[in-house]
Amino acid sequence: MIYLVTAQQELYKHDDYKIINVEESLIMLKEWSPIQLDTETNGKDPHINSLLCVQFGNKKADSQIVVDCSTVDILLYKEILESKYLILQNAKFDLQFFYNYGIIPRKVYDTMIVEQLLYLGYPPYGKIGGISFSLKAIADRYLHIDIDKSVRGEIIWRGLDTDVIKYAAGDVTYLEDIADAQYNECVKKGCVKGAKLECDTVPAMAYLEWCGIKLDEGRWKAKMAKDQEHLEERKVLLDKFVTDNPLYSKYSHVDTQGDLFSGFDLTPKCIINWDSSRQVIDFVKFLGFNTTVQDKKTGEDKDTVLEKELKNQQGINDEFLKLYFDYREASKVTSTYGQGHLDAINPITGRLHTTFKQLGAATGRMSSGGGSNKDLARYKYLKDVKYVNLQQLPSDVETRACFISEPDNLFVSCDFSAEESRLAADIYNDEEMRKEFTERTGDTHAMFAWAVFRKECEECGCKSALEVKKKAHQWRNKVKSVEFAYLFNAAAPTIAKSAGCTVEKAQEYIDSLDKFFTGRTEFKKRGSSFVRKNGYVLVSPVTGHKVYWWDFEEWKKRQQSFDSKFWDEYKLYHKGTGDSIAKEVKMHFQAASKYDRYALNSPTQGTGACIMKESMTRLFNYIVDNNYFNKIKICVVVHDEINCEYPKELTDFPNTLANIMQESAARFCKSLPIPAVPEVDTCWRH
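Residues numbered from 1 in each chain as written. Predicted model: local features only at pLDDT ≥ 70, side-chain atom pairs only at ≥ 80, totals over all residues. Heavy atoms only, no water.

Enquirer: Can you help me understand the packing of aromatic side chains in this one?
Expert: Across all of its chains, the model carries 50 aromatic pairs by this definition. Between phenylalanine 283 and phenylalanine 286, the aromatic rings sit 6.5 Å apart at their centres with planes inclined by 20°, giving stacked as the arrangement. With a gap of 3 residues between them, phenylalanine 283 and phenylalanine 286 both fall in helix H11 (residues 277-287), about one helical turn apart. Exposure remark for phenylalanine 283: the relative accessible area of 0% places this residue in the buried category. Accessibility expressed as a relative area gives 36% for phenylalanine 286, which makes it partly exposed. Among the aromatic residues, those joined into a cluster by ring pairs are Phe241, Tyr248, Tyr251, Trp274, Phe283, Phe286, Phe289, Phe320, Tyr324 and Phe325. Taking NZ or CZ as reference, lysine 189 lies 5.1 Å from the ring centre of tyrosine 119, over its face. Residue placement shows lysine 189 over the ring face of tyrosine 548; its charged tip is 4.5 Å from the ring centre. (Phe/Tyr/Trp six-rings, centres within 6.5 Å; stacked < 30°, edge-to-face > 60°. Helix = DSSP H or I, 4+ residues; strand = E, 2+ residues; numbered from the N terminus. Buried < 20%, exposed > 50% of the residue type's maximum accessible area, 1.4 Å probe, protein only. Lys NZ or Arg CZ within 6 Å of the ring centre and 35° of its normal.)

Enquirer: What am I meant to see in the environment of alanine 418 here?
Expert: Position of alanine 418 relative to the elements: it lies in the loop between strand E18 (409-416) and helix H17 (419-427). Using a relative accessible area of 33% as the deciding quantity, one classes alanine 418 as partly exposed. In the structure, alanine 418 is positioned 24 residues away from glycine 442 in sequence and 8.3 Å away in space, judged by C-alpha atoms.

Enquirer: What's the story with unusual backbone geometry in this structure? I'm lost.
Expert: A negative phi angle is the norm for most residues apart from glycine, just as the trans form is the norm for most peptide bonds. Going from serine 33 to proline 34, the amide bond is cis rather than trans, its omega being -5°. The residue proline 34 is located in the loop between helix H1 (22-30) and strand E3 (35-41) in this model. In the Ramachandran plot, alanine 418 falls in the positive-phi region, its phi being about 50° despite a non-glycine side chain. Its identity is not glycine, yet asparagine 630 carries a phi of approximately 70°, on the positive side. By the element assignment, asparagine 630 lies in the loop between helix H29 (580-625) and strand E21 (633-638).

Enquirer: Help me out: how do you make sense of the pattern of salt bridges in this one?
Expert: Where charged atoms from two side chains of opposite charge approach closely, those side chains can pair. The final tally for this structure, using the stated rule, is 38 salt bridges. A salt bridge links glutamate 431 to lysine 435; its shortest N-O distance comes to 3.1 Å. Taken as a pair, glutamate 431 and lysine 435 lie in helix H18 (residues 431-438) at a separation of 4 residues, close to a single helical turn. Judged by its relative accessible area of 48%, glutamate 431 falls in the partly exposed class. Salt bridges sharing common partners tie together Glu614, Arg618, Glu663 and Arg667. (Salt bridge = Lys/Arg side-chain N within 4 Å of Asp/Glu carboxyl O.)

Enquirer: What is the right way to look at the nonpolar core in this model?
Expert: Within the largest apolar cluster, 99 residues are counted, with the highest numbers of intra-cluster contacts made by Phe56, Tyr77 and Ile634. Take this core: its biggest share by element is 11 residues, from helix H9 (residues 192-211). By size, the runner-up hydrophobic cluster in this structure holds 33 residues, among which are Met433, Ala446, Cys457 and Ile495. (Core = buried A, V, L, I, M, F, W, Y, C linked by side-chain atoms within 4.5 Å.)

Structural data, given as structure tokens:
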């Protein structure tokens, strides 16, 4: 049965639903548990748009209640919304609209988030093997029910008519059935605790987006002007590189015509558009670089001028590489971190709001930005407004200083110290790594230098890793490129590119590190064997998070078909030819290598993500429990770092935040602590 709560009863008369008053609806809702919940709004931006209706449903009562928010105060339902266990689809969206009224639900189950957890590692919808996480797709997957969503796009102009009321009620009819089916899947996959962690985090994620961050527009514009000036300087140097060399004359032009007003200017002008991949590829080939790579998706050859492909060709023309890479970096800064950030400022709040995806990566890490805020674009009469990526913001002081606190507030950045390395020591059960943090200085660069360049460090007078920083600083710096690549399980060719050495020397580095970090080496072997046998990586034994090898069954069948007869024919007819069979074999082993890397990296990165979500949940509960909602604002989360704005009179808040993060880390990292260090200023300094 559908019930409608509205103050305009004369407008709504229909056999498909019954009109009741607020008191009657509250009496019914007090008996319902859990409550299926959804909202309809006149747009997607919670600071610009408003609620049209809120709908409640209950499976046992077989009823739905639709509340007309244009005539009924939603605050009358505050107690229900804050005390009952709620089941929603994409709860982060609805919660932000409730936050506008000071309604703060925390007992939340999100069917979309749980479904994303159950399919963690699968490609996005639209790709081969991709999974849709829409309510329509989830209902079809579990219940074989086709939910009609055709009315949804018409709600803004239709308002609350009979079809919209029935549509709204329909969205809270099957959520409990879906949740029950998902729970059974979570039990099978051993991730019930992971589902709870993710659902508990949703209100904090909604708050993160709702709070936003203050951007100093004047300082940002000054930065933009400086960035543009820097880009133009880099272009001049690139152009000069071409025009100063007679060998490159075909890429320059001299205007011999002149004109009446400016006369003749016989200075050569570079004709290459450095933002055109096609034109740059042509010039780079002329210089002698190899631009051909294999497309990982199709296996076909293609041309590229990506830095990672050109960087390993040092010695051909290093001067050009430096000039071109400097230009590309300057171009990226001006295009990515410019006017788009100013456009994204919401005129209602005066703050920049963006999106954060809770399960934004296969490891379970969050991601930021992506897509357009069409409501904000319309409101500001702009063609388009993109949700900016605040997690990839340059870390230089000048850029970060543009993000500020409001008057009488302070800004705190709190991040974990060497979180991923400490987690690696714990998860890999690696004695050398653990000793570095429990008995030595925690200087991982010195530790890696001692493992890779032992002879060179001893020649500098070092007797242990403890002395490397003081006596063999150059080797400590040199090892960094090897260290970062090794930690991500890179192969010798990748390390060779990163370190600027031969593949043979890179393999020597890997062998030395494998012998030194025996715990990591054993974990790597076990992880590779496990994922190739089971088709998933266990990210966290605490929560049951897993990264799934989405096409594992297909890979396994192909692996089984590679018998001795196949390999005999392969060696005779296909190896090295680049034909379809050769490409299939190459892509087969590339897939295995990819999941070998996941087997090593996902447990550290994914556990770090779990720690951050635990921290976010605890922080949000602290804010709400102490009546600091909309006073302490969660502004930005970047992997191992939480940034908040808070009233300056709350002098102990930075220490409270650090303690919350450290307590969260202790749940997942048992053998050693992970310190969290707060840094306070009036802007983002970290």
